[in-house]
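Chain by chain, the residues:
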Amino acid sequence: MDFLSGHVPEMLPGNRSLPPVQGAFEAPHGTTIVAATFPGGVVLAGDRRATMGNMIAQRDMQKVFPADEYSAVGIAGTAGLAIEMVKLFQLELEHFEKVEGTTLSLEGKANRLSTMIRGNLSMAMQGLAVVPLFAGFDVDRGKGRIFSYDVTGGRSEEQGYASTGSGSLFARGSMKKLYRDDLTEEQALTLVVQALYDAADDDSATGGPDLARRLFPIVTVITDEGFRKLTDAESSEVARSVVERRLQEPDGPRAALL
Amino acid sequence: MSTPFYVSPQQAMADRAEYARKGIARGRSLVVLQYADGIVFVGENPSRALHKFSEIYDRIGFAAAGKYNEYENLRIGGVRYADLRGYTYDRDDVTARGLANVYAQTLGTIFSSAAEKPYEVELVVAEVGAGPEGDQIYRLPHDGSIVDEHGSVAVGGNAEQISGFLDQRHRDGMSLAEALKLAVQALSREANGNEREIPAERLEVAVLDRTRPQQRKFKRIVGRQLTRLLDADGAGATPTDAPSDTEEPDAPSSGDAGGTGREGAAETGAGETGKDGKDGADGADGTEGSGKE
């Protein structure tokens with residue numbers, strides 16, 4: 001990135017001049033991303049919907065991307081800018097790895113992403129914010145970790161679970177009641193799909209599992225074996241079992257009252 | 001003031017070429033061979049941290065003989081070129097041919113510029129295709145020419161003798177174990193015809209494996225996997241070494257020993273390589289290498 005800014009600065013997201021805009025500017029926005037840790041790793045998942053104002057811009061958008069072998073990033077906010085940011089982030093991690101012969105630490109990667117979000121601040125002030133969620137397996141500590149960000153690039157590590165995007169409040173409420181710190185990998189997968197279902201239930205900009213079009217949330221797992229994206233078959237199986245249960249209990253599993 | 005002697009351009013170029021050739025020949029040889037599932041790089045390298053082979057991009061690998069600081073410079077330049085290309089256009093638009101052209105330009109310019117000493121390096125840029133017919137291997141001598149190679153190529157040290165040896169014995173469709181054996185056999189032949197033993201820990205081996213599920217096909221072969229391949233008998237090894245290339249089965253146990261599929265140097269604090277690089281090289285093979293590794 002430093003090399004790029006020296007040579008072709010116009011290729012970097014933060015260095016473009018913006019046309020003055022009046023009022024709200026509409027571009028496709030991605031919506032909800034959720035993540036949860038379990039002993040041995042972390043899961044990161046996102047719904048598939050992109051919206052433009054009150055319209056659905058895209059039904060099958062991909063919002064969760066591998067950053068490198070041991071980390072992934074999920075994006076919420078202006079889709080075009082976010083995808084470009086992820087592309088540049090992936091490139092930077094790979095470039096560092098090839099040039100230095102070693103990978104960045106998870107903290108290093110999280111900090112790098114923070115700087116990139118801060119670079120987008122002027123865009124964010126015009127309503128084109130990008131707020132990713134970063135999750136990875138910390139090889140040194142042997143556990144999964146989650147980092148959340150605000151529009152100014154402020155970074156904070158989340159314990160257990162986190163969410164970002166328009167449906168994040170509902171997803172967080174859902175996970176708050178369902179999360180335990182001894183989940184198995186499969187339970188963690190169900191947890192994030194439940195959370196996405198709850199987000200889609202109450203937030204119009206978040207898409208739920210689309211059984212008719214066979215569009216299911218994108219779910220990824222990162223463990224000491226690296227990044228793995230669930231295949232369509234696997235993710236549809238989790239989503240179908242959640243939907244199946246909701247046919248009996250539309251509000252989802254109940255937590256104990258006391 | 002003394003009048004400078006007239007040196008004819010032919011003579012000047014010949015001197016420079018000789019200087020570079022001698023420098024390259026002082027380093028140890030390395031070989032690059034095609035095998036059934038890709039391209040294998042084999043070289044003798046006592047250092048764990050300073051690599052002769054490296055990944056440039058998804059399907060492109062780099063090998064160099066000669067002076068470490070010079071080829072490291074070129075390597076980083078190549079990584080930058082490839083990453084910038086891939087970011088600007090698409091990952092598929094980064095090709096070995098384009099990269100080889102850039103290297104040829106750079107080497108050619110340096111070679112003929114009177115102000116600089118010629119680089120004492122010889123490079124190999126290889127790209128693995130979807131099938132064996134798509135494989136490309138380019139050899140780039142010190143003067144900036146490009147040689148399109150097929151099957152096998154050797155650079156550095158007594159490269160000519162080794163290539164002759166390889167040309168006779170290399171055939172298409174070898175298994176990885178067979179190719180590796182042939183490479184080690186070729187490398188252990190000395191100029192005077194004697195054979196010497198090269199232990200596995202002094203070998204640097206890397207492959208561009210087209211069967212790897214990941215987008216990035218470059219992988220270092222180290223530790224147990226290397227000894228297993230070396231011990232395997234040519235024909236019998238074919239079925240067993242195929243799954244081992246997919247890397248994942250033994251990943252948990254060989255964690256930092258390359259099972260992570262990343263650089264073998266991961267744990268050696270390669271951040272310091274830049275500074276310690278030359279000392280490391282000198283120290284490691286000071287007896288015969290004189291820093292030419």
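Data block above holds the structure.
All values reported here derive from a predicted model rather than from experimental measurement. (Residues numbered from 1 in each chain as written. Chains lettered and ligands numbered in written order. Predicted model: local features only at pLDDT ≥ 70, side-chain atom pairs only at ≥ 80, totals over all residues. Heavy atoms only, no water.)

1. Some words on the overall build of chain A
Helix and strand content of chain A: seven helices and 14 strands. Taken over 258 residues, chain A has a buried fraction of 52%. Taking the contacts inside chain A whose residues are at least 6 apart along the sequence as the reference set, 65% of them involve residues at least 24 apart. Accessible surface for chain A amounts to roughly 12000 Å². Of this, 51% is attributable to carbon and sulfur atoms. (Helix = DSSP H or I, 4+ residues; strand = E, 2+ residues; numbered from the N terminus. Buried < 20%, exposed > 50% of the residue type's maximum accessible area, 1.4 Å probe, protein only. Contact = heavy atoms within 4.5 Å. Areas by Shrake-Rupley, 256 points an atom, 1.4 Å probe, with all protein chains shown as cover.)

2. Structural notes on the overall build of chain B
Of regular secondary structure, chain B possesses nine helices and ten strands. Every one of the 293 residues in chain B was classed for burial, and the buried ones make up 54%. Of the contacts formed within chain B by residues at least 6 apart in sequence, a portion of 68% connects residues at least 24 apart. In the form shown here, chain B has an accessible surface area of approximately 13100 Å², with 51% of it arising from carbon and sulfur atoms.

3. Quick word on the environment of Val222 of chain B
Examined against the element boundaries, Val222 of chain B turns out to sit in the loop between strand 10 (218-221) and helix 6 (223-231). Taking the C-alpha atoms as reference, Val222 of chain B lies 33 Å from Ser145 of chain B; in sequence the two are 77 residues apart.

4. With respect to the packing of helix 5 (residues 176-187) of chain B against helix 6 of chain B
Residue and element names in this part refer to chain B. Two numbers describe how helix 5 lies on helix 6: the axes approach to 8 Å, and their chain directions differ by 85°. One finds that helix 5 runs roughly perpendicular with respect to helix 6. In this structure, helix 5 uses Leu176, Ala177, Leu180, Lys181 and Val184 to contact helix 6, whose residues at the interface are Leu226, Leu229, Leu230 and Asp231. Here the residues of the contact of helix 5 with helix 6 are counted per class, giving seven nonpolar, no polar and two charged. (Axes fitted to C-alpha atoms, helices over the stretch in contact; angles between N-to-C directions. Parallel < 35°, antiparallel > 145°, perpendicular 65-115°, else oblique. Nonpolar A, V, L, I, M, F, W, Y, C, P; charged D, E, K, R; others polar.)

5. Looking at the sheet that holds strand 3 (residues 53-57) of chain B
Residue and element names in this part refer to chain B. The strand order across the open sheet formed by five strands is 3-4-5-6-7, and the pairing between neighbours is antiparallel. Looking along the sheet, the strands with just one partner apiece sit at the ends: strand 3 and strand 7 (147-149). When strand polarity is set aside, the average angle formed by the axes of neighbouring strands in this sheet is 25°. As judged from the four bridges shared by strand 3 and strand 4 (residues 60-66), these two strands associate in the antiparallel manner. Of the residues in strand 4, the one forming a bridge with Tyr57 is Ile60. (Pairing = 2+ DSSP bridges.)

6. Looking at the pattern of salt bridges
Taken as a whole and judged by the stated rule, the model has 34 salt bridges over all chains. For the salt bridge of Lys98 of chain A with Asp83 of chain B, the shortest nitrogen-to-oxygen distance reads 3.1 Å. Of this pair, Lys98 of chain A sits in helix 2 (residues 79-100) while Asp83 of chain B sits in helix 2 (residues 68-88), which puts the two residues in different chains. For the pair Lys98 of chain A and Asp83 of chain B, a shared accessibility class is recorded, and that class is buried. The salt bridge partner of Arg145 of chain A is Asp138 of chain A, with a shortest N-O separation of 2.7 Å. The class of Asp138 of chain A is buried, set by a relative accessible area of 5%. Three or more residues joined by partner-sharing salt bridges are found here, namely Glu107, Asp138, Arg141, Arg145, Arg155 and Glu157 of chain A. (Salt bridge = Lys/Arg side-chain N within 4 Å of Asp/Glu carboxyl O.)

7. Some words on the pairing of strand 3 of chain B
Burial of strand 3 of chain B is extensive: five of the five residues sit out of reach of the surface. Count of turn residues in the strand 3 of chain B/strand 4 of chain B antiparallel hairpin: two residues.

8. Looking at helix 6 of chain B
Each α-helix turn comprises 3.6 residues. Residues three or four places apart therefore point the same way. All names here are of chain B. Within the sequence span of helix 6, burial applies to Gln225, Leu226, Leu229 and Leu230. The arc enclosing the buried residues of helix 6, seen along the axis, measures out at 130°, which places them on a common side. Along helix 6, the residues that are exposed and aim more than 90 degrees away from the buried face are Arg224 and Asp231. (Arc of directions from axis to C-beta.)

That is the geometry; function is a separate question.
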